[in-house]
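Descriptive analysis of the structure
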Amino acid sequence: MALHKGTLAIFENNVGVSDAVLLEPLTETVFLENLKERFKHDQIYTYIGSVVVSVNPYTKLPLYTPAVISEYRSRNMYELPPHIYSIADDAYRSLRDKNLDQCIIISGESGSGKTEASKLIMQYISEVSGKGQEIDRVKEQLLQSNPVLEAFGNAKTHRNDNSSRFGKYMDIEFDFRGDPVGGVITNYLLEKSRVAVQMNGERNFHVFYQLLAGADIDTLKALKLSRNHDNYEYLLRSGCSQVDSMNDKENYRITTKGMQIIGFQDEEIFSTFELIATILKLGNLEFIHRGNLDGTDGCEINSKYEMEDVCELVDYPVDLMTAALTQKSVETRGDRVTVALNTADATYARDALCKAIYSRLFSWLVSRINDSIKVKGRVQTKVMGVLDIYGFEVFERNGFEQFIINYCNENLQQLFIELTLKEEQEEYVKEGIEWIHVEYFNNAVICDLIEKNNVGILAMLDEECLRPGKVTDSTFLNKLNQTCCNHLHFESRGCRKNQSDRSLPHDAFRLRHYAGNVTYHVTGFVEKNNDLLFRDLSRAMYSCGHPLLKKLFPEASPEEVRGYTYQQWSPLPMLPDNEGNPEKKNRKRPATAGSQFKLSVAELMKNLQSKNPNYIRCIKPNDGKVAGVFDVHLVKHQVRYLGLMENVRVRRAGYAFRQLYSQFLYRYKMLAPQTWPQWKGEPVDGVKVILSALNISKEEMAFGETKIFIRNPRTLFDLEERRRERMHGLAVDIQKTWKGYRQQKLYKKMKISQIVIASRFRCFWARKCFLKKKKSALIIESYARGMKARKLLAQLREERRIYLAAIVIQKYARGWRVRKNYRKLFRKNAAPKIIRYLRIALRKRFLLRLRDNLPSESPSFKDWPKCSWLYKEASEELRQIFHKWRCRNYRQKFNQSEQWSMQEKVAASDLFKGRKATYRRSVPHPFKGDYLNLQQNLKWKKLCEQTHDKYMVFADIVMKINRANGKMVQQLFVISTQAILIIDHRTMSVKYRIPVSQIRSISLSPFLDKLVFFHLKKQDNGDILSKKGDFIFSSDHVIEIVSKAYLLIKNISEKPPDVIIATQFCAEFKGSNLEVTFKQTPITPELSPGAVRIQRKGSHFEVLVQPRSAQTSISTDTLNGDSKQHAQVAVN
Ligand SMILES: Nc1ncnc2c1ncn2[C@@H]1O[C@H](COP(=O)(O)OP(=O)(O)OP(=O)(O)O)[C@@H](O)[C@H]1O
Ligand SMILES: [Mg+2]
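All values derive from a computational prediction rather than experimental measurement. Going along each chain's sequence as written, the residues are numbered from 1 onward. Both sets of labels track the order of writing: A upward for chains, 1 upward for ligands. Local features in a predicted model are, by the rule used here, given only for residues with pLDDT of at least 70; side-chain atom pairs are given and counted only at 80 or more, and totals for whole chains, interfaces and linings are based on all residues. Water and hydrogen atoms play no part in the side-chain values, which are based on all heavy atoms of the structure.

1. Points about the side chain of Lys 281
Helix and strand assignments come from DSSP, with helices taken as H or I runs of at least 4 residues and strands as E runs of at least 2, each series counted from the N terminus. Note on placement: Lys 281 falls in helix α10 (residues 266-283). Here Glu 306 takes part through its side chain, which lies 3.3 Å from a polar atom of the side chain of Lys 281. Dropping the residues within four chain positions of it, Lys 281 is found in contact with Lys 224, Leu 225, Glu 306, Asp 309, Val 310 and Leu 313. Between N or O atoms, a polar contact is any pair within 3.5 Å; within protein, one atom must be a potential hydrogen donor and the other a potential acceptor, and residues adjacent in sequence are included only when both atoms are from side chains. Contact criterion: two residues are considered in contact whenever any of their non-hydrogen atoms come within 4.5 Å of each other.

2. Here we look at the state of the cysteines
In a disulfide, the sulfur atoms of two cysteines are covalently bonded to one another. Here, a disulfide means two cysteine sulfur atoms that sit within 2.5 Å of each other. Per the counting criterion, the structure on display carries one disulfide. What pairs with Cys 485 in a disulfide is Cys 495, and their sulfur atoms sit 1.8 Å apart. On the sign convention where negative is left-handed, the bridge of Cys 485 and Cys 495, at about -85° about the S-S bond, is left-handed. Of this pair, Cys 485 sits in the loop between α17 (473-484) and β13 (490-492) while Cys 495 sits in the loop between β13 and β14 (508-513), placing them ten residues apart in sequence. Taken as a pair, Cys 485 and Cys 495 share a single burial class, namely buried. For the unlinked cysteine Cys 763, the closest cysteine sulfur is that of Cys 769, found at 12 Å. Classification of residues uses two cut-offs on accessible area relative to the type maximum, computed with a 1.4 Å probe and protein chains only: under 20% is buried, over 50% is exposed, and between them is partly exposed.

3. Focus on the sheet that holds strand β35 (residues 1100-1105)
Following DSSP output, two strands are said to pair if at least two bridges run between them. Reading across the sheet, the four strands line up as β32-β33-β35-β34 and stay open at both edges, with mixed pairing between neighbours. Edge positions in the open sheet fall to β32 (1064-1069) and β34 (1092-1097), since each of these has one partner strand only. Each strand of the sheet is rotated relative to its neighbour by a mean of 25°, with strand direction disregarded. Here six bridges tie strand β33 (residues 1072-1080) to β35, and the two strands are oriented parallel to one another. Bridge pairing links Thr 1077 to Glu 1102 in β35. A fitted line through C-alpha atoms represents every axis, and for helices the fit uses only the stretch in contact; the resulting angles, taken between N-to-C directions, go from 0 to 180 degrees.

4. What to know about the site of ligand 1
We call a residue near a given molecule or strand whenever any one of its heavy atoms falls within 4 Å of it. Near ligand 1, the surroundings consist of 17 residues, among which Asn 56, Ser 110, Thr 115, Ser 163 and Ser 164 are the closest. In this structure, Asn 56 approaches ligand 1 through a side-chain N or O atom, which is 2.7 Å from an oxygen atom. Ser 164 has a polar backbone atom sitting 2.7 Å from an oxygen atom of ligand 1. All accessible-area figures derive from a Shrake-Rupley calculation using a 1.4 Å probe, and residue coverage is judged against the displayed protein chains alone. Expressed as a share of its isolated accessible area of 620 Å², the protein-covered part of ligand 1 is 86%. Breaking the shell around ligand 1 down by element, the ones donating at least two residues are α4 (114-128) and β5 (163-164). Looking at the shell around ligand 1, the element that brings in the most residues is α4, giving three residues. All amino acids are sorted into three groups, where Ala, Val, Leu, Ile, Met, Phe, Trp, Tyr, Cys and Pro are nonpolar, Asp, Glu, Lys and Arg are charged, and the leftover types, Gly among them, are polar. Residues that form the shell around ligand 1 fall into these classes: three nonpolar, eleven polar and three charged.

5. A short note on the coordination of the magnesium ion (ligand 2)
Coordination here is defined by N, O and S atoms within 2.8 Å of the metal (3.2 Å for Na, K and Ca), and since water is not considered, a site can look incomplete. Only Thr 115 (OG1) and Ser 164 (OG) from the protein reach the magnesium ion (ligand 2) as donors, at distances of 1.9 to 2.0 Å. Pair noted here: Thr 115 is in helix α4 and Ser 164 is in strand β5, with a separation of 49 residues, a long-range link. For the residue pair Thr 115 and Ser 164, the accessibility class agrees, reading buried in each case.

6. So, the nonpolar core
Nonpolar cores are built from buried Ala, Val, Leu, Ile, Met, Phe, Trp, Tyr and Cys residues. Side-chain atoms within 4.5 Å join them into one set. Grouped together as the largest cluster of nonpolar side chains are 203 residues, with contacts concentrated most on Phe 152, Phe 208 and Phe 509. Membership of the second largest hydrophobic core comes to 36 residues, among which are Phe 912, Phe 1014, Leu 1025 and Tyr 1046.

7. Notes on the sheet that holds strand β23 (residues 707-710)
Pairing is antiparallel in the open sheet, where three strands are placed in the order β21-β23-β22. Both edges of this open sheet fall to β21 (657-660) and β22 (701-703), since each of them pairs with a single strand only. Within the sheet, the average angular offset between the axes of one strand and its neighbour, ignoring direction, is 15°. Inspection of the sheet shows β22 paired to β23 by three bridges, in the antiparallel sense. Directly across from Phe 703, in β23, lies its bridge partner Ile 708. Contacts from helix α25 (residues 661-668) reach β21, β22 and β23, with the element oriented near 100° to β21. Running at roughly 160° to β22, helix α26 (residues 683-693) makes contact with β22 and β23 of the sheet.

Okay, structure coming up:
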């Protein structure tokens, strides 16, 4: 083996050569050995330039973890070992950063890992692109489309337990930030024949098994299904219903969950499963022979219950459905005739119906998913297409499907050749390098053989299908023999060149594909190309009540899509599978399956050409689907038909290796001292410096505009080897430097620490010494100060002693002098002087003490400081002066009205204190004066204007006593500053106006009664008052009335009136004298104290007064004594 193990590795830990372009020598064996070697070490990916070759490991490898994804994120392709993530990242970054639409073409045979690869790409893109609620929703929907489409479009085959039975091209659309915003899925040619027939050991589409295994019992009941697969003909025949690697129950959950996430309504999901159930039920229909009256063969349906279930599921009458399945309508010259079907035709029609329903359901699913994932709003998008399409297929018996699939693969190969060559060529031209043409097999000639207009195999097939008359598969083969026999890549027993080729059956033709020879049996070609469905069945489907089924057979304008008239094709009583509403008369011949596929392949190729291609070539290592087995023959076959060797050769034709100058310089800069560690100039000059330093011959390399090209891989290995050695050296250097640096750092750290510790310690030590010294200094200082202070104290004491001694001496001296003078000057008049001096001093002390201890200034305060008996008299006098002074101060604080009130109260006190029993009760009550608020009375205001009594001092209702009989009358009693007014309180008319000057005296009893006598002066002017005599009133405010009247009279007439308080006095009544006597009655409990009873007996006017109680009654004698005194108080 020519592998340079270890030394060939571009990357350390790599096994073999990670880029096959660098293989030396480049032979198929070395290429395969390299793949095998890498495969054995779980390195399943290998590059051919920018193409990734992936070998299916058939086991889970730890290559797809989030850590690996982040490793590959934004890294250049050659920086890390080959990986699908690397190509995905490259494509994603070109799309995002260079604004180039990308496509990733994944090819390989069935089971080689295409679908897994496409999922890995989607996973990677999802991980590395932006995040956000809306973006995550889009990503989740795009990812969830996989399990849903796999459930409906994948099936277990001999080659793959999860084989995609349709081609899928998915455009993922990104916004300007590189975040996915939506996508479009295009599906190609579903293998619908699998619905009705599967090969032994294979299975129908996964969804049938998932539904039966995973749906709960209620759902199954609603769908009229039972869980057992063996109850269904379509699942039973192949003899395989269980796949070990599949968990149908769990997958059912994943599929329905996926549908929900994509946005399918619950009703839509249920409708979908209803159609799946309908297909299973239809498959169970059994047709039995029935002879018609006209002798032809007919049939009838034997399984009535299944039929009823089907009709219930699709909501269609049983008789109509029965008719549609067992009869056909034929139109001949405008007439419609119904013809009965025999059992074979009915079975065929039923299968065709099931296939049609399923394939349309699948297309509807794709379009429904597209509806959900399409880009919302008008966003300018960049596109990354991922193509996961069936690989080249060669079976023992190959039919129409294999022919179509291999035709598609021929086109893809053509595209691959064109794009890789073009790219290579363009690169050389762009870089200004001379390009040497490399021979390779161009399969355009095979593509032409199949698809060329008018002469291609597909055109022949269409022509045969359209031709009037009897058309069979053998007439089609004959036609091929006539037109294609001369073609180098066509072989048939009908051709002269292959007449004796026994390996070629008579009903088959062979094509020499780029990937090998494939023999196709023509049986079924015409029928499958026509892809027809009985008109009655399609009409029935359109007419049934099931909303989704109705939608699957829509009313459409056939003219738009079909280019042939019905007449040309008549009298076939069938419609193509994609026929629309049968009510709409369709006269156009629909496109055949072949031509439709050709169109869609052409469209796909156009689409792929418009994008920047990225290739993943998948290889299946063995047929047993087992891990670790590398079947060299099987792989060799795939390597050949995938054209991988050619790919490597083309890539190596000019120069085996190329790299941007900057990248090359970055990788090999350690190989020249001038470029290490940093090159300051242009990268190209740096590269030149490196290469000349390494003595690499000029022929070995070419300098392009931006890249360095290296012709021989050996040179690159040399470079790699030197780099590896140099890296070792550098690693040692780095290690050395690092260790040195670390030690130095450690040393510096220790040094710094040592300095810090030392400085801290020194600081601590110095501080300690300083504190000690300071303490000592303080002690010394305190001792010194103490000594000094003691010295000073001693000195002061000495001075004091001297001073005191001097005073004593002075005293003695003075005493001696005084004593000396005493006798002759002082003795005879000293005593009076001393006494006087002492008296003055004592008086002074008395007065000063009195000054300092003066009592409160309140007049009611009685206390007075005690003093020596010597100054008792002076003290009393001073006390009185002080009292008067404080009374004066107290009075001076009053305003006018308060002074007046005070005067009144003083007058009352002077007049009544100890003389009138009611006085004591009056003391706490202020003399309010106007008890009736008369000042505000309007009538009074008017009246007082007239009588000039504006200044009123008292007003109240009093009792006027009639002296004739002692009866009492209520009158308004007013005292103004001028007169006393007796007013009728009802009419407010003045009865009497007694000028105060006319009042001579006022008499009262000492008892509790409220009577007052006003004695008037005698006048001879004959006025009414003189005639009437004295007035007697009874009032609650008798003390106030008398006090106020007393002060008024005193003010006006200078001489105060006499106020007589006595039990007996004289009064005058109409000119005659009346003797008034007051007596206290014995206590009568029912009478209140002070109540009076008045009796007039001639000139005697007796007033009996109810006393308060025995104790409180004032003795008459006591009061009699007093009554003699007439109150005459001067009020200041
Ligand atoms: N990278 C991988 N790691 C582990 N197993 C893998 C890998 N790729 C593929 N496989 C296994 O191989 C099986 C077949 O792969 P996949 O379905 O992708 O093949 P395919 O090329 O799509 O086939 P078909 O053309 O039939 O659809 C998978 O089910 C899986 O078990
Ligand atoms: Mg697949």
